[in-house]
Amino acid sequence: MRIKHVFPIIIMSILIFVGNAIGGSGVRTGTLTFSAPVYEIEDLVADMQGDGNNVLVTGKIRNLSHYPVKGYVIVYFKNEKDKVVHSVETDVNDKRPFAHGKTGAFETSANIGNIPDIQNVIIEFVNR
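Residues numbered from 1 in each chain as written. Predicted model: local features only at pLDDT ≥ 70, side-chain atom pairs only at ≥ 80, totals over all residues. Heavy atoms only, no water.

All right, on to the overall build of the protein chain then. For the protein chain, the count of helices and strands is one helix and six strands. By the burial criterion, 24% of the 128 residues in the protein chain qualify as buried. Sequence-distant contacts in the protein chain: of pairs separated by 6 or more residues, those separated by 24 or more amount to 62%. A total of about 9,400 Å² of accessible surface is found on the protein chain, and carbon and sulfur atoms cover 55% of it. (Helix = DSSP H or I, 4+ residues; strand = E, 2+ residues; numbered from the N terminus. Buried < 20%, exposed > 50% of the residue type's maximum accessible area, 1.4 Å probe, protein only. Contact = heavy atoms within 4.5 Å. Areas by Shrake-Rupley, 256 points an atom, 1.4 Å probe, with all protein chains shown as cover.)

Dropping the structure here:
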């Protein structure tokens, strides 16, 4: 009786071994590529308004990924030490998706009158 049970186990083991030997172990040796969403910021303008307290930030996000995206931007205001001293968020393309190769516009304003020494504006697009 024991031989009847051992024989199928040996056959299965041989088949698994041969399958892995012929097909490989499943480990790829070549370079793998990863696909990630890619975006480009275009026409970025940070314009100080006449009163000197408000800044209007406008721009476009170009979708370079291969599928429609929608999301929002975070506008970071940095000081001379490259530290973020203020940030605001705004939707891109009025919350509508935009396709590969197309742009979505954004516009926001921020009151920075109480924040001295703003030297730089950085934009981050967040896909949702």
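Next comes the rest of the write-up.
Take the pattern of salt bridges next. Within this structure, the stated rule accounts for six salt bridges. Here Asp 43 makes a salt bridge to Lys 60, at a shortest N to O gap of 3.5 Å. Here Asp 43, found in strand β1 (residues 39-48), pairs with Lys 60, found in strand β2 (residues 54-63); they are 17 residues apart in sequence, far enough to count as distant. Residue classification places Lys 60 among the partly exposed positions, given a relative accessible area of 33%. Across the salt bridge formed by Asp 91 and Lys 95, the nearest N and O atoms sit 3.9 Å from each other. A cluster of three or more residues bridged by salt bridges with shared partners is formed by Asp 91, Lys 95 and Arg 128. (Salt bridge = Lys/Arg side-chain N within 4 Å of Asp/Glu carboxyl O.)

This paragraph deals with the sheet that holds strand β5 (residues 103-111). Here three strands make up an open sheet; going across it, the order is β1-β2-β5 and the pairing antiparallel. What marks the edges here is a single partner per strand, and that holds for β1 and β5. Geometrically, the sheet is characterised by an average inter-axis angle of 15 degrees between neighbouring strands, direction not taken into account. The sheet contact formed by β2 and β5 spans nine bridges and is antiparallel. Looking across to β5, one finds that Arg 62 is bridged to Thr 103. (Pairing = 2+ DSSP bridges. Axes fitted to C-alpha atoms, helices over the stretch in contact; angles between N-to-C directions.)

We now examine the sheet that holds strand β3 (residues 71-79). The strand order across the open sheet built from three strands is β4-β3-β6, with neighbouring strands paired in antiparallel fashion. The strands lining the two open edges of the sheet, one partner per strand, are β4 (84-91) and β6 (118-127). Put simply, the sheet's adjacent strands are angled 20 degrees from each other on average, direction ignored. Of the pairings in the sheet, the one linking β3 to β6 comprises nine bridges and is antiparallel in character. The partner of Gly 71 across the bridge, within β6, is Asn 127.

All we've got here are geometric facts, nothing functional implied.
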